[in-house]
Amino acid sequence: MTKPTEEIILNEEKLDTKTIACHMREIIKLVGEDPNREGLRKTPERFEKALKFLTGGYHQNLDTVLNGATFSVCYDDMVIVKDIEFFSLCEHHMLPFFGKAHVAYLPTKKVLGLSKVARLVNMFARRLQIQERMTSQIAHAIEEKIAPQGVGVIVEARHLCMQMRGVEKQHGQAVTIAMLGAFRHNKETRDEFLSLVRSRKG
Ligand SMILES: [Zn+2]
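Caption draft 1: Main features of the sheet that holds strand E2 (residues 79-90). What the five strands build is an open sheet, ordered E5-E2-E3-E6-E7; its pairing is mixed. The open sheet has two edge strands with one neighbour each: strand E5 (128-129) and strand E7 (174-181). The pairing of E2 with E5 spans two bridges and is classified as parallel. Looking across to E5, one finds that leucine 89 is bridged to leucine 128.

In structure tokens, the structure reads:
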């Protein structure tokens, strides 16, 4: 039996030191754990896979997500998609914040496929984010793609970086709002949107 330790070192050198898993193995050591312990042995790879999924929005753009699903219609009443679940990571702590987004717009000539609205929310959620920017990005993306009379977005979320560290009371929710066009300038439109969102618990 010759020098098993050297063998291990050689093997580690062969690993791609740039992978997320490789760094995660180091982080596990730094928090005082043993990355070779049975339960943790595959954790770095699992973490890498999870993180890549949770940040998959970086590899998407508006065109791939919407995939041409904008339709011309004669419809000019409010379109609202409520309670879109999302999970994001706060860019300050890389801990989850999650909740619901409510998206509405007043079409001019074009509407979006309804399922695309949820995909759009998730594209922006699956990045390192702050809730305010995510809210505004969703609104501006819709404005850019179908040039409606207005867009309203409300995001309600709980932030684990605050809740787990005890910064915020357990039930605290952050609400962010982006109103563009008619939603900003026309009180009736805005009120209709707000009452439709509130009525969800009926
Ligand atoms: Zn945070």
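Caption draft 2: Spotlight on the nonpolar core. One finds Phe86, Ile138 and Ile142 to be the most contacted residues of the largest nonpolar core, which totals 33 residues. Mapped onto this core, the elements with two or more residues apiece are helix H4 (62-66), E2, strand E3 (96-106), strand E4 (110-112), helix H5 (114-125), helix H6 (131-146), strand E6 (150-159) and E7. Contact partners of isoleucine 138, with chain neighbours within four places excluded, come to Val103, Leu120, Val121, Phe124 and Val153.

Caption draft 3: Representation of the pairing of E3 within the structure. Taken across its eleven residues, E3 has eight buried, putting it largely inside the fold. Pairing of E2 with E3, which is carried by nine bridges, proceeds in the antiparallel orientation. If you follow valine 79 over to E3, its bridge partner there is tyrosine 105. Where E3 lies against E6, ten bridges are found, and the strand directions are antiparallel. Looking across to E6, one finds that phenylalanine 97 is bridged to histidine 159.

Caption draft 4: Structural detail: the pairing of E6. Most of E6 sits out of view: nine of its ten residues are buried. For E6 and E7, the ladder comprises eight bridges, and the chain directions are antiparallel. Among the inter-strand pairings, glycine 150 is bridged to a residue of E7, identified as glycine 181.

Caption draft 5: How the structure looks around the coordination of the zinc ion. The protein atoms donating to the zinc ion are Cys90 (SG), His93 (ND1) and Cys161 (SG), with metal-donor distances spanning 2.1 to 2.3 Å. In the primary sequence, the donor residues of the zinc ion line up as C-x2-H-x67-C. Of this pair, cysteine 90 sits in strand E2 while cysteine 161 sits in helix H7 (residues 160-163), and the two are 71 residues apart along the sequence. A residue is classified by how much of its surface remains accessible, and cysteine 90, at 5% relative accessible area, is buried. The buried category is assigned to cysteine 161, whose relative accessible area is 6%.

Caption draft 6: Examining the packing of aromatic side chains more closely. Applying the stated rule across the entire model yields three aromatic pairs. Centre to centre, the rings of phenylalanine 87 and phenylalanine 98 are 5.8 Å apart; their planes meet at 20 degrees, and the pair counts as stacked. Of this pair, phenylalanine 87 sits in strand E2 while phenylalanine 98 sits in strand E3, and the two are eleven residues apart along the sequence. Phenylalanine 98 gets classed as partly exposed once you look at its relative accessible area, which sits at 26%. Between phenylalanine 183 and phenylalanine 193, the ring centres sit 5.5 Å apart and the planes meet at 80 degrees, which makes this aromatic pair edge-to-face. Taken together, the residues phenylalanine 183 in helix H8 (residues 182-185) and phenylalanine 193 in helix H9 (residues 187-198) connect sequence positions ten residues apart. On the basis of relative accessible area, phenylalanine 193 is assigned to the buried category, the value being 0%.

Conventions adopted
- Residues numbered from 1 in each chain as written.
- Predicted model: local features only at pLDDT ≥ 70, side-chain atom pairs only at ≥ 80, totals over all residues.
- Heavy atoms only, no water.
- Pairing = 2+ DSSP bridges.
- Helix = DSSP H or I, 4+ residues; strand = E, 2+ residues; numbered from the N terminus.
- Core = buried A, V, L, I, M, F, W, Y, C linked by side-chain atoms within 4.5 Å.
- Buried < 20%, exposed > 50% of the residue type's maximum accessible area, 1.4 Å probe, protein only.
- Contact = heavy atoms within 4.5 Å.
- Donors = N, O, S within 2.8 Å, 3.2 Å for Na, K, Ca; no water.
- Phe/Tyr/Trp six-rings, centres within 6.5 Å; stacked < 30°, edge-to-face > 60°.

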